[in-house]
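Here is what each chain is made of, one letter per residue.
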Amino acid sequence: MNRSPFIDPELCRSCGACCKTFEIEYARSMDPIDLSEIDRLRALAEFGDRITTREDGETISLVIDIPCRHLVEEAGRYSCRVYDDPCRPLMCEHFPYGASSLADCPHMRRRHQ
Ligand code: SF4
Ligand code: SF4
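**Here's the deal with the overall build of the protein**
Link 1 in the chain: Summing up its helical and strand segments, the protein has 3 helices and 5 strands in all.
Link 2 in the chain: In the protein, the succession of helices and strands from N to C terminus is α-β-α-β-β-β-β-α.
Link 3 in the chain: The principal-axis extent of the C-alpha atoms belonging to the protein is close to 45 × 35 × 25 Å.
Link 4 in the chain: Classification of the 113 residues of the protein by burial places 4% in the buried group.
Link 5 in the chain: The contacts of the protein with a sequence gap of at least 6 include a subset with a gap of at least 24, amounting to 62%.

Shown next, in the form of structure tokens:
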């Protein structure tokens, strides 16, 4: 089940947007030497241009365009192969989070746009 207060559970499991990429968030206050790790990651052959960045005032996020292996598509609708399985990560159960935007989950409740 989806336990996030930011989405109507009846609407989840349909678009798959949250399972098609994953993100690693860095604080802008990080040491500049550590930030150079972002470029190093992007240069890795397996990732290439599948890594983009998303920036806001306080953070830089690496957006890695690799879908979860449990994501299943059928007639344009997406579902999670392990949705009701205990192995499903807890972070999936609580997505979208308070800081998520409509770009992350197009079905977020309007009060959180
Ligand atoms: S992006 Fe939102 S609506 Fe779409 S599958 Fe993920 S949580 Fe559900
Ligand atoms: S385990 Fe399921 S809910 Fe979590 S990212 Fe993968 S497909 Fe999505």
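**As for the site of ligand 1**
Link 1 in the chain: The immediate surroundings of ligand 1 are formed by 13 residues, with Cys12, Cys15, Ala17, Cys18 and Cys105 found nearest.
Link 2 in the chain: Considering only residue class, the shell around ligand 1 consists of 9 nonpolar, 3 polar and 1 charged.

Parameters at a glance
Residues numbered from 1 in each chain as written. Chains lettered and ligands numbered in written order. Predicted model: local features only at pLDDT ≥ 70, side-chain atom pairs only at ≥ 80, totals over all residues. Helix = DSSP H or I, 4+ residues; strand = E, 2+ residues; numbered from the N terminus. Buried ≥ 20, exposed ≤ 12 C-beta atoms within 10 Å, placed from the backbone. Contact = placed C-beta atoms within 7 Å. Near = placed C-beta within 6 Å. Nonpolar A, V, L, I, M, F, W, Y, C, P; charged D, E, K, R; others polar.

Fair warning: the whole summary comes from geometry, so function is off the table for now.
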